[in-house]
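Each chain is listed here by its residues.
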Amino acid sequence: MSKLSKEFLEKNFTCKRCGTCCKWHGYVNVTIEEIEKIADFLKIDFAEYMKKFVILRHDRKGLSLDEKVNGSCIYYDEDNKICMINPVKPKQCRDFPIEWNFENFESECVGAAELLRGEK
Ligand code: SF4
Ligand code: SF4
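Worth saying up front: this structure is predicted, and the values here are computed from it rather than measured. (Residues numbered from 1 in each chain as written. Chains lettered and ligands numbered in written order. Predicted model: local features only at pLDDT ≥ 70, side-chain atom pairs only at ≥ 80, totals over all residues.)

**Quick word on the overall build of the protein chain**
Check the secondary structure of the protein chain and you find six helices and five strands. In the protein chain, the succession of α and β elements from N to C terminus is α-α-β-α-α-β-β-β-β-α-α. Taking the principal axes of the C-alpha coordinates as reference, the protein chain spans close to 45 × 30 × 25 Å. Look at the contacts in the protein chain between residues 6 or more apart in sequence, and 64% of them connect residues 24 or more apart. (Helix = DSSP H or I, 4+ residues; strand = E, 2+ residues; numbered from the N terminus. Contact = placed C-beta atoms within 7 Å.)

**Examining the nonpolar core**
If you look at the biggest cluster of nonpolar residues, it comprises nine residues: C21, C22, V28, V30, L65, C73, Y75, C109 and A112. When residues of this core are traced back to their parent elements, those giving at least two are helix 2 (20-23) and strand 1 (28-30). Y75 has contacts with C83, M84 and I85, leaving out every residue within four places of it along the chain. (Core = buried A, V, L, I, M, F, W, Y, C linked by C-beta atoms within 7 Å. Buried ≥ 20, exposed ≤ 12 C-beta atoms within 10 Å, placed from the backbone.)

**Some remarks on the sheet that holds strand 1**
Overall, antiparallel pairing links the three strands, which are arranged 1-3-2 in an open sheet. Looking at strand neighbours, the two that pair on one side only are strand 1 and strand 2 (54-56), the edges of this open sheet. Sheet twist, expressed as the average angle between the axes of neighbouring strands with direction ignored, equals 45 degrees. Sheet analysis places strand 2 next to strand 3 (residues 63-65), joined by three bridges and oriented antiparallel. Each residue of the ladder has a partner; that of L56, found in strand 3, is L63. (Pairing = 2+ DSSP bridges. Axes fitted to C-alpha atoms, helices over the stretch in contact; angles between N-to-C directions.)

**Comments concerning the site of ligand 2**
Around ligand 2, the surrounding shell consists of C15, K16, R17, C18, G19, T20, C21, F96, P97, C109, V110 and G111. Mapped by element, the contributors of at least two residues to the shell around ligand 2 are helix 2 and helix 6 (110-116). Broken down by class, the residue content of the shell around ligand 2 amounts to seven nonpolar, three polar and two charged. (Near = placed C-beta within 6 Å. Nonpolar A, V, L, I, M, F, W, Y, C, P; charged D, E, K, R; others polar.)

**Considering the packing of helix 3 (residues 32-41) against helix 4 (residues 46-53)**
Contact pair helix 3 / helix 4: the axes reach a minimum separation of 9 Å and the direction vectors enclose 105 degrees. Taken as axis vectors, helix 3 and helix 4 run roughly perpendicular relative to one another. Judged by residue contacts, I35, E36 and A39 of helix 3 engage F46, Y49 and M50 from helix 4. When grouped by side-chain class, the residues that make up the contact of helix 3 with helix 4 number five nonpolar, no polar and one charged. (Parallel < 35°, antiparallel > 145°, perpendicular 65-115°, else oblique.)

In structure tokens form, the structure reads like this:
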């Protein structure tokens, strides 16, 4: 359970672009519709995109974007600290941390940590 309520986050949260949520290991869940949008945005054929950049989750219940060897999302640009597919990034990315988060996420998310410290 987050120490910051959804209502509080809705009113006050600002992403500080620390990149932590793009760099941790874990699935970036995507739907077929989202994959179509990303492939279109990147001008890559859908079937080719599926083959090269999408994986089946271990529970076989959904699809995820692939990740780099270090666990970072393949679309996180470390040098410029940006998401390379920002206009079409999946819902899971757009929704964090207001629509979903996890216990103690404030220790990883700079924007939330600043709110907890009362810096906004
Ligand atoms: S798609 Fe973009 S916002 Fe989502 S994890 Fe990857 S780099 Fe981050
Ligand atoms: S961890 Fe929080 S502050 Fe950092 S990029 Fe993600 S949402 Fe933004």
